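Structure assessment
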Amino acid sequence: MTKNESLFTEAQKYIPGGVNSPVRAFKQVGGTPVFMQSAEGAYLYDAEGRQYIDYINSWGPMILGHRHPKVVQALREQIGKGFSYGTPTELETEVAQLIIGMVPSVEMIRMVSSGTEACMSAIRLARGYTNRAKILKFEGHYHGHADSFLKKAGSGVATLKLDAPGGVPAAVTKDTIVAPFNDEAALRSIFAEQGETLAAIIVEPVAGNMGCVPPLPGYLETLRALCTQYGTVLIFDEVMTGFRLAPGGAQHYFNIMPDLSTFGKIIGGGMPVGAFGGKKEIMQRIAPSGDVYQAGTLSGNPLAMSAGYATLQVLAKDKTFYQRLNDKTASLAAGLREIIKRNGTQAIVNQSGSMISLHFCGSVTDFTSAKAGDNETFKKFFHGMLEAGIYLPPSAFETWFVCDALGDQDIEFTLKTAESLLSA
Ligand code: KE4
């Protein structure tokens, strides 16, 4: 039995499925999850000391690479002042000001401790603000595990094929309408029938939870126009795309202004942080300034804020960061497409900024086409890459994330390994 196998056996005795989040359990690819014990730059190191090139980056947060010196220094300084006070701190105001300065649509922001909390709170706020109950989400999009969102959701829900996850009352999801992503006709007919009853649309502006699925040209603009026309709150779930696609996230990248945005991952720099923000007129409805209740013991936690603030400062100040990161990802995508072409592999590569995914099927523009991927081929490819020391997301319903610490030699090795697997 390998060290990872014995660790996994032990973990399963005490933790459901041996993991604290289902996507880590290798359910779609089989085999034993790899237990990591350290990380540095673009690399992870498992319990047996093996090195892996990291294309998960903690599912997005580690955009600078692991243990960036400025983040380490910020955490060290904060540790010397205490971990958590349960009171307001100046640091929280500084983080809010920095995010508001980077994301034009955000006039006010509330910190929470996860992306789920951010999305759950944003929906409640939109319902309170519009005095409407129905929300619209998209097939294959994932907004965390709050009841309202567990309907045709992506990420781990899709990986586990949980069409009807347990414990979610129909009384709750009856107010959640689900539409196919990138289908303008379907969207227009839903709005024509029930636009006046829709409190909010929540959308991943670039879907990252069915693989990476960018919006078709004009789609986000249509979403924006219909929400304006019907008085529906447009929520961009930027938990994944926020501060990843551009300093101002997808809304900056596509130049679309949502009414509310949700954030997570990168804004914590690897620590547990989420946030929701947007128009002042809407945000003012959040307690204690308004009647929509939302709270959290560790919201704005000083340690988490210090890691997030240091991360965002690097992103805000380095004027070549995103060009460098997106170029790196584009060269990885181009290399993979050349390999697919050279070997006649039935596969496609989707990419948006530093989000990328490989699908063993034809074009992937929505959940139906994402589910058409050949999972047996994906499994073989995943394990072949893992064996070679390249750690990809263990599901086709996930996006690879590229970090700034990834070097040309890492990309070359990734492509060489991919070619050896796809040409076999
Ligand atoms: P968390 O509650 O996991 O912090 O965030 C939920 C969430 C909300 N919105 C989007 C667009 C997200 O991608 C996520 C979480 N992403 C998954 C990865 N696909 C988290 C990984 C996991 O579940 O362990």
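Predicted model only: the values in this text are computed from it and were never measured.

**With respect to the overall build of the protein chain**
- On a plain count of helices and strands, the protein chain comes out with 15 helices and 14 strands.
- Seen along its three principal axes, the alpha-carbon backbone of the protein chain occupies a region of about 60 × 55 × 45 Å.
- Looking at the protein chain as a whole, 57% of its 424 residues are labelled buried.
- Counting contacts in the protein chain only where the partners sit at least 6 residues apart, residues at least 24 apart contribute 73% of the total.
- Of the roughly 17,400 Å² of accessible surface on the protein chain, 55% is carried by carbon and sulfur atoms.

**Focus: unusual backbone geometry**
- The amide bond that connects Ala 287 to the next residue, Pro 288, takes the cis arrangement and shows omega of 5°.
- Positionally, Pro 288 belongs in the loop between α10 (280-283) and α11 (302-317).
- Here the phi dihedral of Phe 26 falls at roughly 65°; this positive angle occurs in a residue that is not glycine.
- Inspection of the secondary structure assignment puts Phe 26 in the loop between α1 (3-14) and β1 (36-40).
- If you check the backbone angles, Asn 182 has positive phi at about 65° while not being a glycine.
- Overall, the relative accessible area of 11% leaves Asn 182 in the buried class.

**Here we look at the pattern of salt bridges**
- Enumeration over the complete set of coordinates arrives at 14 salt bridges.
- The partner of Asp 259 in a salt bridge is Arg 224, and the shortest N-O contact between them spans 3.1 Å. Here Asp 259, found in the loop between α9 (249-254) and β9 (260-263), pairs with Arg 224, found in helix α8 (residues 219-230); they are 35 residues apart in sequence, far enough to count as distant. There is no split in this pair, since Asp 259 and Arg 224 are both buried.
- Measuring nitrogen to oxygen at the nearest pair gives 3.8 Å for the salt bridge that ties Asp 404 to Lys 328. With a gap of 76 residues between them, Asp 404 in the loop between β14 (400-401) and α15 (408-422) and Lys 328 in helix α12 (residues 321-343) connect regions that are remote in the sequence.
- A single salt-bridge network, built from bridges that share partners, covers Asp 318, Arg 324, Lys 328 and Asp 404.

**Describing the side chain of Asn 350**
- Topologically, Asn 350 is positioned in strand β11 (residues 348-352).
- For Asn 350, a relative accessible area of 12% puts it in the buried group.
- A distance of 2.8 Å separates a polar atom in the side chain of Asn 350 from the backbone oxygen of Cys 212.

**Observations regarding the sheet that holds strand β12 (residues 355-359)**
- The three strands lie next to each other as β11-β12-β14, forming an open sheet whose pairing is antiparallel. The outermost strands of the open sheet, each flanked by one partner alone, are β11 and β14.
- With five bridges joining them, β11 and β12 adopt antiparallel strand pairing. Bridged to Asn 350 within β12 is Ser 357.
- Sheet contacts for α12: β11, β12 and β14; angle to β11, the most-contacted strand, approximately 170°.

**Focus: the pairing of β11**
- Summarising burial for β11: four of the five residues are buried, a large majority.
- Hairpin geometry of β11 and β12 is characterised by an intervening segment of two residues between the two adjacent antiparallel strands and by a positive phi of about 60° at Gly 353.

**A few points about the side chain of Lys 137**
- Position of Lys 137 relative to the elements: it lies in strand β5 (residues 134-138).
- Nearest to the buried, unbridged Lys 137 among oppositely charged side chains is Glu 204, at 7.5 Å.
- With residues near it in sequence (within four places) discarded, Lys 137 still touches His 143, Phe 149, Lys 151, Lys 152, Ala 153, Thr 176, Ile 177, Val 178, Ala 179 and Ile 202.

**Describing the nonpolar core**
- Counting 72 residues, the largest nonpolar core has Phe 243 and Leu 315 as its most contacted members.
- Built from parts of two domains, this core gets at least three residues from each of domain 1 (3-67 + 319-422) and domain 2 (69-317).
- Look past the residues within four positions of Phe 243 in its chain and what remains in contact with it is Ile 63, Ile 99, Met 102, Val 103, Gly 249, Phe 263, Ile 266, Ile 267, Leu 312, Leu 315 and Tyr 322.
- Listed in part, the 30 residues of the second largest apolar core include Ala 158, Val 203, Leu 223 and Leu 226.

Quick notes on the rules
- The written sequence of each chain sets the order in which its residues are numbered from 1.
- Given that the model is predicted, a residue must reach a pLDDT of at least 70 before its local features are reported, and side-chain atom pairs must reach 80 or more before they are shown or counted; all residues, however, enter totals for whole chains, interfaces and linings.
- The basis for every side-chain value is the complete set of non-hydrogen atoms in the structure, without hydrogens or water.
- We count a stretch as a helix when DSSP gives it H or I for four or more residues in a row; a strand needs E for two or more, and each element gets its number in order from the N terminus.
- Accessible area is worked out with a 1.4 Å probe on protein chains only. A residue is then buried under 20% of its type maximum, exposed over 50%, and partly exposed in between.
- We call two residues in contact when some of their heavy atoms are within 4.5 Å.
- Here the open area of atoms and residues is found with the Shrake-Rupley method and a 1.4 Å probe, where only the protein chains shown may cover a residue.
- Throughout this description, the term salt bridge denotes a Lys or Arg side-chain nitrogen within 4 Å of a carboxyl oxygen of Asp or Glu.
- The term polar contact refers here to a pair of N or O atoms within 3.5 Å; inside protein, the definition further demands a hydrogen-donor-capable atom paired with an acceptor-capable atom, and it admits residues adjacent in sequence only when both atoms are side-chain atoms.
- In this scheme, strands are said to pair when DSSP sees at least two bridges between them.
- Orientation is described by lines fitted to C-alpha atoms, with helices fitted over the stretch in contact, and by angles between N-to-C directions that extend from 0 to 180 degrees.
- Two residue types count as positive, namely Lys and Arg, and two as negative, namely Asp and Glu; His and chain ends fall outside the count.
- For the purposes of this section, nonpolar cores are sets of buried Ala, Val, Leu, Ile, Met, Phe, Trp, Tyr and Cys residues that join through side-chain atoms within 4.5 Å.
- Note: domain ranges come from an automatic or database domain assignment.

None of the figures reported here should be taken as evidence of function without further support.
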